[in-house]
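Descriptive structure summary
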Amino acid sequence: VLSLEELIDQAALIVEASVQSAAPGLARPPASPVGGSLDVRPVPLVVETDARLVAERVLKGALAAPEFAVSQLDAKGVYTLGPGRRFILFLVDEPARRRKMLPALGRVPRYATTGGYAGLFCVDGAQVKVSGASMLSEQYNDAPLDKTVAAIRAYVNARHGVKVTGWVTGPT
């Protein structure tokens, strides 16, 4: 369970972005087997959604291009990466071993959320929504978007000595 500061420290990239498209759930076996090589128990499939997003605002790090992809394991009680939805995402590069299991997207870079679902804040109008499973939900669920962004920027500026300003695709 991560605090906002830990999410920020662990993320290489923090962006506010809109989901442009999401591939229907992709069923695949889990990354690690249930048992050893002689295990004959059925292995449940994991359902994963592959989403393409466009960054609107960078809060930490840098993007070579505004379009990127994130895969999300489907789970109950978690905001899903559906078309038209906006999020603040705390991201790291998708590990190479995971990239091999996911569909190729050409030159579109893939990222993974930091801290699992904790690194995924849904933007609903002028408010932020955080999944109930996160310890951040008490502090940031229904918080004003501008205050949440200001808290992230203030910590990034103070802790990392980096001032990130502006929008990728929107107003400056």
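Structure shown above.
Residues numbered from 1 in each chain as written. Predicted model: local features only at pLDDT ≥ 70, side-chain atom pairs only at ≥ 80, totals over all residues. Heavy atoms only, no water.

This part is about the overall build of the chain. If you tally the helices and strands in the chain, you get four helices and eight strands. What you see in the chain, going N to C, is helices and strands ordered as α-β-β-β-β-α-β-β-β-α-β-α. Each of the 172 residues in the chain was classed as buried or not, and the buried ones make up 41%. The contacts of the chain with a sequence gap of at least 6 include a subset with a gap of at least 24, amounting to 67%. Surface summary for the chain: the accessible area is close to 9,200 Å², and the carbon and sulfur share equals 56%. (Helix = DSSP H or I, 4+ residues; strand = E, 2+ residues; numbered from the N terminus. Buried < 20%, exposed > 50% of the residue type's maximum accessible area, 1.4 Å probe, protein only. Contact = heavy atoms within 4.5 Å. Areas by Shrake-Rupley, 256 points an atom, 1.4 Å probe, with all protein chains shown as cover.)

This brings us to the nonpolar core. Within soluble globular proteins, side chains that are nonpolar tend to cluster in buried spots. Counting 22 residues, the largest nonpolar core has Leu4, Ile8, Ile14, Ile88, Phe90, Phe121 and Ile152 as its most contacted members. If you list the elements that add at least two residues to this core, you get α1 (4–10), β4 (86–93), β6 (120–124), β7 (127–130) and α4 (145–160). Residue contributions to this core peak at five residues, all from α4. Residue contacts for Ile14: discarding those within four places in its chain leaves Ile8, Arg57, Val58, Leu59, Lys60, Ile88, Leu89, Phe90 and Ile152. If you look at the next biggest cluster of nonpolar residues, it comprises 19 residues, including Val19, Ala51, Tyr111 and Cys122. (Core = buried A, V, L, I, M, F, W, Y, C linked by side-chain atoms within 4.5 Å.)

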